[in-house]
Amino acid sequence: MPRPSPFLRLFATLLPGAVLAPCGWTQPAAPVVDFAREIQPILAGKCYDCHGAEKPKGGLRLTSRASALRGGESGEPAFVAGASARSQLIQRITTTDENDVMPQKGAPLSPAEVALVRRWIDEGAHWPDDLRHWAYVKPVRPAVPPVPDRSRVRNPIDAFVLARLEQAGLKASPPADKPRWLRRVSLDLIGLPPTPADVDAFIADTSDGAHERVVDRLLASPHYGERWARPWLDLARYADSHGFQRDDLRDLWPYRDWVVRAMNADLPFDQFTVWQIAGDLLPEVRDAAGRPRNLDPLIATGFHRAAPTNVEAGTDQEEGRVNQVFDRVNTTAAVWLGTTLECAQCHSHKYDPFSQQDYYRLFAYFNHTPRETDFTTPKAMAALKFTGPYLELPDPANDAARGRLEVRRKELDAQIAARSAEVLAGASTPEAKAPTGKQRTQLLAGDKALAELRTQRQALMRELEALKPPQTLVMRELDEPRPTAVLSRGNFLEPGEPVQPGTPAALHAAPPPAGPRATRLDLARWLVDRENPLVARVTVNRWWAEFFGRGIVGTLEDFGLKGDAPTHPELLDWLAVEFMERGWSMKHVHRLIVLSATYGQSSRLTPELLAADDQNKWLARGPRFRLDAETIRDNALALAGLLSLKQGGPPVRPYQPPGLWENKVGGDRVTYEVSPGEDAWRRGLYTVWKRSSPYPSFMNFDATARTACTVRRSRSNTPLQALTLLNDPVYVAAARGLAHRVLTERPAAGTAERLRHAFRLCLAREPSAVELAALAGLLAQQADAAAADPGAAARVSGARPPPPGSSVAELAAWHAVATALLNLDETITKG
């Protein structure tokens, strides 16, 4: 985060001090080190680059117990079971000699990792011969660990976390106060802040179940789906344009709206998956005549139609199609399997048990959809156009209007035909032939009545065009499947061994195809099979990261050998099994998480916690991290009273700097025009997403261009972010709106009460005396400045007149206070 001004530094840490509460536990005995979950990830992350299966340095392979004991060129075993002090492995990872220390590349093992390896060796270095990586073993619900102090346990999540804290020698933080918890859970579940009335009602509710009632209200909110659609759309690489240089716009927004509806309805995740992978192949989707009966499964297939499409002139269309299939395979693996499968396009995976044949067997499932481009004309040799396929959607209001216009069009066509015949008949005589060719054209063009009818028809056709039915991109299967082969080094011009659709051999077996051949529907059902060891784990882990800022497995996109080991493996498995056994309910898992005492802890970071666990891996404090780009904007507009809660529909265009779209090379030229009225203030979810020119203020806060599947966004702190919050017209308008709101809602209040109201609007909690004094000082300073320079005050207050009873100078002073509050670290942070 950029260095704040002296005033803003007063608010950089707005959390009051907290005292750690005793847990009352007794120290449990440390369990035996689990090689698969604890040691193998260390070896994979630190050692396999040099001592893996291929070309091991010094001849030492650390991929099996036998090869490790065989040693390398020196002939010494890597370890001596039961004697870490005599083990070469320990000597090499602890030496201070820079020529001998291992690993030679990358970060050294941490003291905790060294201690774990040492303990594993001293315990006998148990290394199973038939070892499977933990992530490829089906999760089984573990027993909930006993907790002596039940007061710290609100549900099983807390028992797992407290047991791990005890092993780490840490204690849980005390609960967050009610205002902070309410703001945290509101931002997490619906992406919007609570109002002061919400806070007051929650504080006043001292009965049992107060927290549960808040959570149930938020889960039932229509804004829940909007908040949780955002990370899913990152996974789906959803955008409103093709990508590449000719980045033309296209219609896919009904898919975005379907995701919101599905999440609000808590559509079971297994069904949510099947519809997106293969909704077009479900037999129940169509009636006996083949007409769509239920459009939602078809709309859901927009997930894989969101892949970028290259329509640049000269593009090889088959290469473009194959690249789209690559994208679909890689995205499916990342989203549902937590696997980085891209390298297997060219060769078998270097670390994980996925062969190149496995990759192209998955490729075969997606290889049977139509090409999405064509030449612009039959004679064109380079120029391309986008062809779809699209699905037209019903729109009752538009359909009725179109029906009326179609009736009028037919009437005009009849009138034009009748008048044309009348004109031509009047020019014909018994002595002369009827006019033809140029004469006929000239006669018709010169008739004023006919010209008026044609003008009316042109206007009507423009109205019809404006009322064209909404459409969305969907998947469709070819009647005859394409042959699929392994592509040598991923080159579409070098097909090799033929393959049939199939799933990776290292995972659970695929059931027999439901039809004459295996299709995407079979793949989708294989993904959500209860035998799948990955899908439930990967999914709950991503949600956990949304709530806590870090997953139980830190590498959300990689559950393989090179990924992070889970910090709480039993908790991850418990959540995965709970998710499946509770009907794949997303809301059920979210409710468990936010009602846990773990989630409800104070997020205050003490020096002791910083030293012991700066990343909060062991969850000794509550989550505290910066909001995502869309929520920062939504939050500011909500606080200002400007946010429109209108839902769904085509993407909108809020303010952005001029000229960003106009510099486009090739393709359709579209001028960026700010949406009128409330559409300029819609939630960030609905902002148009143009891949070559994404909304700039979102990009400053680490949004993605969505040219590819994004499993997790980065989270940076840069000067551009502070400049955006201070100077972007959207945030300037938000500060002005917040100032108006305070003066309007507290017209007769004194300065202290108004400042308190403004503070509570932004942060939910009450200001401290120090904070209140700092704000009062800023207000007085800015009031003096506004009085001394009325012109500057007028420019700051803008065209909107001050609220009744207030002056331009007063509004300008309050604008400065509102700007400071909206720029606080705490305002853009969930804490």
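Keep in mind it's a predicted model, so treat the numbers as computed, not measured. (Residues numbered from 1 in each chain as written. Predicted model: local features only at pLDDT ≥ 70, side-chain atom pairs only at ≥ 80, totals over all residues. Heavy atoms only, no water.)

**Student:** Summarise unusual backbone geometry; cite the residues concerned and give the values.
**Tutor:** Here the amide bond leading from Met102 into Pro103 is cis, since omega sits at 0°, within 30 degrees of zero. Summarising the element assignment, Pro103 is placed in the loop between α5 (88-94) and α6 (111-122). Phi at Ala125 takes a positive value of approximately 55°, unusual for a residue other than glycine. Residue placement: Ala125 occurs in the loop between α6 and α7 (156-167). By relative accessible area, which is 0% here, Ala125 ends up buried. Of note in this structure, Ala764 is not a glycine but carries a positive phi near 75°. (Helix = DSSP H or I, 4+ residues; strand = E, 2+ residues; numbered from the N terminus. Buried < 20%, exposed > 50% of the residue type's maximum accessible area, 1.4 Å probe, protein only.)

**Student:** Can you break down the packing of aromatic side chains residue by residue, with the values?
**Tutor:** For the structure on display, the rule yields 36 aromatic pairs. With a centroid separation of 4.4 Å and an interplanar angle of 25°, the aromatic rings of Trp544 and Phe548 are classed as stacked. Remark: Phe548 and Trp544 occur in helix α22 (residues 535-548); sequence separation between them is four residues, near one turn of the helix. Take Trp544 and Phe548: they sit in the same class, and that class is buried. One aromatic cluster is present, formed by Trp232, Tyr255, Trp258, Phe269, Phe272, Trp275, Phe303, Trp336, Trp543, Phe579 and Trp584 through successive ring pairs. When the ring centre of Trp228 is taken as origin, the NZ or CZ atom of Arg227, which lies over that ring, is 3.9 Å away. Over the aromatic face of Trp661 sits the side chain of Lys690, whose NZ or CZ is 5.3 Å from the ring centroid. (Phe/Tyr/Trp six-rings, centres within 6.5 Å; stacked < 30°, edge-to-face > 60°. Lys NZ or Arg CZ within 6 Å of the ring centre and 35° of its normal.)

**Student:** Outline helix α2 (residues 35-46), supporting the account with residue identities and numerical values.
**Tutor:** Within α2, nine of the twelve residues are buried, which leaves it mostly tucked inside the rest of the structure. All of the buried residues along α2 are Phe35, Ala36, Arg37, Ile39, Gln40, Pro41, Ile42, Leu43 and Ala44. Contacts made by the buried residues of α2 are with α3 (48-51), α6, α22 and α23 (569-581). Its side-chain oxygen placed 3.0 Å from the backbone nitrogen of Ala36, Asp34 serves as the N-cap of α2. (Contact = heavy atoms within 4.5 Å. Polar contact = N/O pair within 3.5 Å; in protein donor to acceptor, adjacent residues only side chain to side chain.)

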